[in-house]
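Below, each chain spelled out in residue letters.
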Amino acid sequence: MSASSPASATTETAPVDFVFEVQTVNDPRDARLGAADDSRPFRVGVITMRPAAKLLVWSAAAITAFERYLRTLPDQVRDADVDALIFTAAGSVFGAGADLSEFQRVATPTEATESAARAYRAFAGLLALPVPTFSLLNGAALGGGLEVALHTDFRIAAAGVAAIGLPELSLGLVPGWGGLTWLTALVGPDVAARIAVVDSLAGRNLSAERARDLGVVDAVVSADRLLDASLEWAAGVLAGSVAVSRRPAAGSRDWDADDVRARVRRRIPTDLPAVDAAVELIGRATEPLPGCTAVAGVPTASAGLATARERIATYARNDAPGEPLAGATVEAFGRLLLTDEARASIYAFFTLQRVRRAARPGGAQLDIGHVGVVGGGLMATQLAVVFATRLGVPVVVVEVDQDRADLASSRIDMLLEQARDRGGLDETAHARVRALVTTVADRDRLADSDVVIEAVFEDLSVKQQVWRDVEALVSSQTLLLTNTSSLLISEQASVLQHPERLIGFHFFNPVAVLPLVELILPKETEARDEDAAHRVADTALSLAARLGKTAVRVADHPGFLVNRLLSRLIGDALHLIDSGWDVATVDGALVGDGLPMTPLTLLDYIGHGVQLHIFETLHDAWPARFPVSASLQQMVEIGGPSRLRYLTAAGELTPEAAQAITTARARSEQAADAPRVAGPGDAAEARGLLLDGLAQEVNLVLADGTAESPQDVDAALMLGANYPRHTGGIIPLLDRSGASRRVTGADLLPRGTANVPERR
């Protein structure tokens, strides 16, 4: 295998340049079979795309540069006398998607459709190349990056690549550059819909190995000898010794589009324009394309040259996009780009990017050899498993007596078995993590801990006693963390000799799934020693990152951020219900907006006792906005230690809840000072009242400094409560529903930030 000198096509200002290098390679079969020495090696042109920035983003300028380069490539191919071309990228990423910041500036239908048509025109040059083409995915290939690869005849991926996919639907769009057409042709509509619709909305990507199994890529080669192994595989294809089959799912024309929509609605219970558009395009792509021999319309590849020629004859155009659904795809993409759902989703992308960047630690990491967890309940044991799994250090869980310690041990066994059954841990990792976690009834075992986190009952005096005991045991350098969901950090820290050591580190349930940690410093610590506060915060940021979490800094106010907003929603819903409004009407009022759970479903998930305590804490601070629900009090009273529910699995009221609501309504009628509300009303009125309450509370958390910015509010709800991207969290929804203006007189975000800008 040998190489000739590279040639580069670039300008000083281009966002990407292209380096062309000729490699010679023999068919590996020749060596095995003892072929004659004079057998001609294949000449392969390797084109390395080198972005000027850290990774290749397909901006308008990058697409234009690619189009210009592809126009020159046929002459370069002939001059170099190459048999095939391999496209790859410099660095650790093959290609990201489009430049989303450009999409935010699009304001007219013409601009919107041109943003897709431009790439179609450029990528058509790949289809017209006179030799077989290969894409070598040296790293992640997402969105437009994968669409580039789908335009080549073959795809090779490096082993270990973990991000291959089409995430456009999570942005309120469809793959706008031909990805749905080519993907459906390769793997059939069912698999294409799973990858481009269901997985996209769930934030899942394919590994290289999974992409190979599904037919998205044709081969996976060792990353240690990536280019050599890829050249050898390509030579086998060119020689005909490697056959590459195209195996779209049998019966692909009979796929069930409604089943795809139903799977999406189980996750996001509302209609999304992008889902309908994608399903329609996938359905149309199942029809055989002219001149092709395979069931789903893509040529069968047995020897690369014949395949390439067949595709060229079928699709290549010099003056128009090169595949039959180009017009429909461009139209759908342009239409979706001018929807509020797409703009809110793009805002969500940049919001999460901003928050994750802000959460990167700037100082030295804490050296952690041991972790202590105080408490053995459901939250505490989840924390223990996450710390042991992510940090790989011994974790001791301390309970008040041996019976509770044994119960905590059983919970840890259950959590690890669930992780193993889901595929999150193999047998070796399961055994390793289980050996790291011990449960005891001896608080002295915390003495060697470098980090201690408490997750005991939400009672201030209980937590204060925990910290008195812990401070007397541990080193002066030990980081102290409280997982409290609502109690002020400053009040807990007030009993410590060194209150600056304690920080709020609030996880969300389920801990292994939700990536948010609220980071809360005691107010007095910040005021007394700002430098010390920053050091502790930076240490906590570092720890959050090592745990795979994103930390959002929140001020030390009751309920903090996420629980305060969720409690406002639950509290307002309960207040309407307790006041006589129809339960189903109120509980289902926001279903059409796609929020992850109805208020009563969320309440049942949190737990009535926990939520009642949060309400009591918030009521002490702001009684007018957080009345304590009489029906919830009744449910806790009659439930005792058992876990009652408002709703059955079918979504109907339980008998206990119906009785509690009846009792609450009777008490409300008798109480002269009970807060009143107009009604009962219909679903639109209930939706308006619930959104108005959220708009008021969001405005207040920004005004009192609980959250530093609107983006922090939205990121926290997306990361900690699974609020959807198509609403941008919550603020874009509040703005476009009119709730922000009704409550505050203005939108909370500037026009065009998370919705379609005014037409120019």
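Calculation criteria
- Residues numbered from 1 in each chain as written.
- Predicted model: local features only at pLDDT ≥ 70, side-chain atom pairs only at ≥ 80, totals over all residues.
- Heavy atoms only, no water.
- Helix = DSSP H or I, 4+ residues; strand = E, 2+ residues; numbered from the N terminus.
- Buried < 20%, exposed > 50% of the residue type's maximum accessible area, 1.4 Å probe, protein only.
- Contact = heavy atoms within 4.5 Å.
- Areas by Shrake-Rupley, 256 points an atom, 1.4 Å probe, with all protein chains shown as cover.
- Axes fitted to C-alpha atoms, helices over the stretch in contact; angles between N-to-C directions.
- Parallel < 35°, antiparallel > 145°, perpendicular 65-115°, else oblique.
- Left-handed = near helix turned anticlockwise from the far one by under 90°.
- Nonpolar A, V, L, I, M, F, W, Y, C, P; charged D, E, K, R; others polar.
- Salt bridge = Lys/Arg side-chain N within 4 Å of Asp/Glu carboxyl O.
- Phe/Tyr/Trp six-rings, centres within 6.5 Å; stacked < 30°, edge-to-face > 60°.
- Pairing = 2+ DSSP bridges.
- Expected span 1.5 Å × (residues − 1).
- Bend = angle between axes of the 7 residues up to and from the residue.
- pLDDT = per-residue confidence, 0-100.
- Core = buried A, V, L, I, M, F, W, Y, C linked by side-chain atoms within 4.5 Å.

Q: Help me understand the overall build of the protein chain, please; the structure alone is not making it clear to me.
A: Across its full length, the protein chain holds 31 helices and 19 strands. Buried positions account for 56% of the 760 residues belonging to the protein chain. Residue pairs at least 24 apart in sequence account for 74% of intrachain contacts in the protein chain once pairs closer than 6 positions are excluded. Surface summary for the protein chain: the accessible area is close to 30,500 Å², and the carbon and sulfur share equals 50%.

Q: When you look at the environment of I164 in this model, what are you seeing that I'm missing?
A: Looking at the element boundaries, I164 is found in strand β10 (residues 164-165). For I164, a relative accessible area of 0% gives the class buried. In this structure the C-alpha to C-alpha distance between I164 and G143, which are 21 residues apart in sequence, comes to 8.4 Å. Contacts of I164, omitting those with residues within four sequence positions, involve L137, A141, L142, L146, A157, N205, L206, S207, A208, A211 and V217.

Q: Explain the packing of helix α25 (residues 608-621) against helix α26 (residues 630-639) here, please?
A: In a pair of packed helices, the angle between the axes and the distance between the axes together describe the arrangement. Following both chains from N to C, one finds α25 and α26 inclined at 135 degrees, their axes separated by 10 Å at the closest point. When the axis of α25 is compared with that of α26, the two are oblique. Both α25 and α26 take part in a crossing whose hand is left-handed. From α25, H608, G609, Q611, L612 and F615 reach across to α26, where they touch L632, Q633, M635 and V636. Taken together, the residues of the contact of α25 with α26 break down into 5 nonpolar, 4 polar and no charged.

Q: Help me out: how do you make sense of the pattern of salt bridges in this one?
A: It is possible for side chains bearing opposite charge to pair when their charged atoms get close. Overall, the coordinates contain 28 salt bridges when judged by the stated rule. Where R404 meets D401, a salt bridge forms, and the shortest distance between an N and an O atom there is 3.8 Å. We classify D401 as partly exposed; its relative accessible area is 31%. As a salt-bridge pair, E697 and R568 come within 2.7 Å of each other at their nearest N and O atoms. Separated by 129 residues along the polypeptide, E697 in helix α28 (residues 683-703) and R568 in helix α22 (residues 562-578) bring together distant segments of the chain. Bridged by salt links that share partners, the residues R564, R568, D572, R625, E697 and D704 form one connected network.

Q: So what exactly am I meant to see when it comes to the packing of aromatic side chains here?
A: Geometry of an aromatic ring pair is reported as the spacing of the ring centres plus the angle between the planes. Going through the model one piece at a time under the given rule, you end up with 15 aromatic pairs. Ring plane angle 80 degrees and centroid distance 5.3 Å describe the contact between F505 and F507, whose orientation is recorded as edge-to-face. The pair formed by F505 and F507 is uniform in burial state, with each residue classed as buried. Put simply, the rings of F18, W58, F66, Y69, F87, F123 and W177 touch in pairs and so form one group of aromatic residues.

Q: What's the story with the sheet that holds strand β17 (residues 502-506) in this structure? I'm lost.
A: The 8 strands are arranged β14-β13-β12-β15-β16-β17-β18-β19 in an open sheet whose pairing can be described as mixed. Across the chains shown, the open sheet's two edge strands, defined by having one partner strand only, are β14 (437-440) and β19 (550-553). Sheet twist, expressed as the average angle between the axes of neighbouring strands with direction ignored, equals 25 degrees. Two elements, strand β18 (residues 516-520) and β19, share 4 bridges in a ladder whose sense is parallel. Across the sheet, V517 pairs through a bridge with A551, a residue of β19.

Q: Before we go on, may I ask you to explain helix α4 (residues 109-127) in this structure?
A: With 19 residues, α4 ought to run about 27 Å at 1.5 Å a step, and its terminal C-alpha atoms sit 28 Å apart, in line with that. A bend of about 30 degrees at S115 is the largest found in α4. Restricting attention to buried positions, one finds in α4 the residues A112, S115, A116, A117, A119, Y120, A122, F123, A124, L126 and L127.

Q: Before we go on, may I ask you to explain the sheet that holds strand β8 (residues 140-142) in this structure?
A: Picture the strands of a sheet paired through backbone hydrogen bonds; they go either parallel or antiparallel. In spatial order, the strands read β6-β8-β10; together these 3 strands make up an open sheet with parallel pairing. Edge positions in the open sheet fall to β6 (93-95) and β10, since each of these has one partner strand only. Bridge count for β8 against β10 is 2 bridges, and the pairing is parallel. Bridge pairing in β10 places A141 opposite I164.

Q: Sorry if this is basic, but what is going on with the packing of helix α14 (residues 340-358) against helix α29 (residues 710-721) here?
A: The contact between α14 and α29 brings their axes to 9 Å, and the two run at 95 degrees. By the angle between their directions, the pair α14 and α29 is classed as roughly perpendicular. Contact residues: α14 offers Y347, A348, T351, L352, R354, V355 and R356, while α29 offers P710, Q711, D712, D714, A715, M718 and L719. Split into classes, the residues belonging to the contact of α14 with α29 amount to 8 nonpolar, 2 polar and 4 charged.

Q: What's the story with the environment of E280 in this structure? I'm lost.
A: With respect to the helices, strands and loops of the structure, E280 is situated in helix α11 (residues 273-285). When the C-alpha atoms of E280 and T329 are compared, they prove to be 10.0 Å apart, with 49 residues separating the residues in sequence.

Q: For this particular structure, what's the right way to read the confidence of the model for the protein chain?
A: A low pLDDT means the predicted coordinates there should not be read in detail. The predicted model of the protein chain averages 88 in pLDDT, with 87% of residues at 70 or higher. When the criterion is pLDDT under 50, residues 289-321 qualifies, and its contacts beyond four places in sequence or with other chains add up to 80 contacts.

Q: What's the story with α22 in this structure? I'm lost.
A: Along an α-helix, a turn takes 3.6 residues, which lines up residues three or four apart on a common side. The first and last C-alpha atoms of α22 sit 24 Å apart over 17 residues, in line with the 24 Å expected at 1.5 Å per residue. Two residues or fewer past α22, G580 is found with a positive phi of approximately 115 degrees.

Q: Where do I start with the nonpolar core in this structure?
A: One recurring pattern in soluble globular proteins is that nonpolar side chains are buried together. Counting 117 residues, the largest nonpolar core has F66, L73, L85, F134, I164 and V174 as its most contacted members. The residues contacting F66, other than those within four sequence positions of it, are F18, M49, W58, F87, F123, L126 and V148. Membership of the second largest hydrophobic core comes to 80 residues, among which are V398, V466, V552 and L647.

Q: Can you walk me through the environment of T648 in this structure?
A: Summarising the element assignment, T648 is placed in the loop between α26 and α27 (655-670). Of the residues examined, T648 reaches a relative accessible area of 32% and is grouped as partly exposed. Spatially, the C-alpha atom of T648 lies 9.4 Å from that of T601, the residues being 47 residues apart in sequence.

Q: Would you mind showing me how to read unusual backbone geometry here?
A: Peptide bonds are trans in most cases, and residues, glycine excluded, mostly fall at negative phi. The omega torsion of the bond from N509 to P510 falls at 0 degrees, within 30 degrees of zero and hence cis. With respect to the helices, strands and loops of the structure, P510 is situated in the loop between β17 and β18. Here the phi dihedral of F560 falls at roughly 55 degrees; this positive angle occurs in a residue that is not glycine. On the secondary structure map, F560 appears in the loop between β19 and α22. By relative accessible area, which is 0% here, F560 ends up buried. The backbone of N722 shows a phi angle near 60 degrees, a positive value even though the residue is not glycine. Within the secondary structure, N722 sits in the loop between α29 and α30 (731-737).

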